[in-house]
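These are the residues of each chain, in order.
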Amino acid sequence: MSLKAGIVGLPNVGKSTLFNAITKKNILAANYPFATIDPNVGVVTVPDSRLEFLENLYHPKSLVPTTFEFTDIAGLVKGASKGEGLGNKFLSHIREVDAIVEVVRCFKEENIIHVEGGVDPIRDIEIINLELILADLEIIENRIEKIAKKAETTKDKIALKEIEILNKAKEALLENKALRLIDFEEEELLILKPFHFITLKPLIYAANILEDDIALGENEYTKKVSEYASKENAGVITMCAKIESELVELESEDKIAFLNDLGIASSGLDKLIFATYDLLGLQTFFTVGSDEVRAWTFKKGMNAKKCAGLIHSDIERGFIKAEIMKFNDLEELKDEKKVQESGKLNLEGKDYTMQDGDIVYFRFNV
């Protein structure tokens, strides 16, 4: 399952520094707008302590963690929806991601210029959000213009329904509301899905601070971002991108010591990865054995048969049953046989809703 989270923001807010830290890639992070011109994609490992336990228990030849992609997209400027800066090229890249991480500059630093002339996180957020709204609005208006006359003439029910839903979305956007904040019905979302509207995507804010503010975890700017985000039901992760880029270069013990010196328990990156994983509605199941222990990403609510298809289409097609152990049971009993003897190894059918931490063996026949 290939899912992407796009990192967006104004130029020089710390996007590329953050991306470097996340993916350990050395992309250009220069102190001027548009240092990142083409989207950079990196595969991110989701930290999961359960894998360490499973590795020690099964001693597999290979260990495969679950992952998803972060995409770093060139900095947005005011007027992007009208072609300013990188304009539509930037916006088209955002449409390709599943969720948005909006990096907001929450620090003063004279040596790092701000494209708007000074630090104001709410202004920055509103610049970006307005451009995304205008971009979605343009798509809606073009689509309505294209099909409205034909729909009225032919009275085609499908086209008329589409126009009705698009007008509902248009009305929200004209009121400066992101589409993710509108209560659409399931049928309406299916109609909107092919358009890949940017403001319909789930979003989380990454408030980028200086090292001096790490111990407190907030400052005057992050408080404003948190207040703004609460009105949108959006999450906020506070982090220092510069420090995160230093942390990823350290070995595990040195990293722990560095975090202790900073007065924090875990890195901002780990928090962001977990939050984004959750934002995308993702969970993890495991397959285990002496050859391989592997974590698999699936969407919350997926059934056993659909999850079998994540491994191979033949397993989904020939699905018979799924043998399920709960990770917590295996961790407690430390032996598959003991789990089975205790009656905690369950045989589930195709409609079983997979749960985070399920350890599964799929029975199938093709």
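Since we're looking at a predicted model, the values are computed, not measured.

Rules of the game
- Residues numbered from 1 in each chain as written.
- Predicted model: local features only at pLDDT ≥ 70, side-chain atom pairs only at ≥ 80, totals over all residues.
- Heavy atoms only, no water.
- Helix = DSSP H or I, 4+ residues; strand = E, 2+ residues; numbered from the N terminus.
- Buried < 20%, exposed > 50% of the residue type's maximum accessible area, 1.4 Å probe, protein only.
- Contact = heavy atoms within 4.5 Å.
- Areas by Shrake-Rupley, 256 points an atom, 1.4 Å probe, with all protein chains shown as cover.
- Pairing = 2+ DSSP bridges.
- Right-handed = clockwise from strand over helix to strand, strands pointing away.
- Polar contact = N/O pair within 3.5 Å; in protein donor to acceptor, adjacent residues only side chain to side chain.
- pLDDT = per-residue confidence, 0-100.
- Axes fitted to C-alpha atoms, helices over the stretch in contact; angles between N-to-C directions.

*Asks:* Explain the overall build of the chain to me, and be specific about the residues and the numbers.
*Replies:* For the chain, the helix and strand inventory stands at 14 helices and twelve strands. Out of the 366 residues in the chain, the part that is buried amounts to 47%. Put simply, 70% of the contacts in the chain that link residues at least 6 apart link residues at least 24 apart. Entry remark: accessible area of the chain is about 18700 Å², with carbon and sulfur atoms responsible for 48%.

*Asks:* An account of helix H1 (residues 15-23) is needed here, citing residue identities and associated values.
*Replies:* The buried fraction of H1 is high, at eight of nine residues. For H1, the complete set of buried residues consists of Lys 15, Ser 16, Leu 18, Phe 19, Asn 20, Ala 21, Ile 22 and Thr 23.

*Asks:* Account for the pairing of strand E7 (residues 235-239), with residues named and values stated.
*Replies:* Across five bridges, strand E6 (residues 203-208) lies against E7 in parallel orientation. Looking at E7, one finds that Asn 208 is bridged to Met 239. Each parallel crossover has a hand, and the one from E6 via helix H7 (residues 220-231) to E7 is right-handed.

*Asks:* Tell me what's going on with the side chain of Ser 267, and back it up with residues and numbers.
*Replies:* Relative to the assigned elements, Ser 267 resides in the loop between helix H9 (252-262) and helix H10 (268-279). Polar contacts involving the side chain of Ser 267 include one to the main-chain amide nitrogen of Asp 270, which spans 3.1 Å.

*Asks:* Kindly report on unusual backbone geometry, identifying the contributing residues and their values.
*Replies:* Unlike most non-glycine residues, Asn 176 shows phi in positive territory, near 65°. With respect to the element layout, Asn 176 can be found in the loop between helix H5 (157-174) and helix H6 (186-192). The backbone of His 196 sits at a positive phi, close to 50°, despite the residue not being glycine. Residue placement: His 196 occurs in the loop between H6 and E6. Residue His 196 is classed as partly exposed on the basis of its relative accessible area, which comes to 45%.

*Asks:* Which residues make up the confidence of the model for the chain, and what values do they have?
*Replies:* Counting all residues, the mean pLDDT for the chain is 85, and 88% of those residues have values of 70 or more. In the predicted structure, residues 25-37 sits below a pLDDT of 50 and forms 35 contacts with residues beyond four places in sequence or in another chain. Note on residues 84-88: pLDDT is under 50 here. Beyond four places in sequence and across chains, it has twelve contacts.

*Asks:* Mind laying out the sheet that holds strand E2 (residues 40-45), listing which residues take part and the relevant values?
*Replies:* With respect to topology, six strands assemble into an open sheet ordered E2-E4-E1-E5-E6-E7, the strand pairing being mixed. Two strands lie at the open edges of the sheet, namely E2 and E7, each paired on one side alone. In this sheet, adjacent strand axes meet at a mean angle of 25° when their direction is disregarded. Two elements, E2 and strand E4 (residues 67-72), share six bridges in a ladder whose sense is antiparallel. Bridged to Val 41 within E4 is Thr 71. Lying over the sheet, H7 contacts strand E5 (99-105), E6 and E7, oriented at roughly 165° with respect to E7. Strands in contact with H10 are strand E1 (4-8), E2, E4, E5, E6 and E7; relative to E7, the strand with the most contacts, it is inclined by about 165°.

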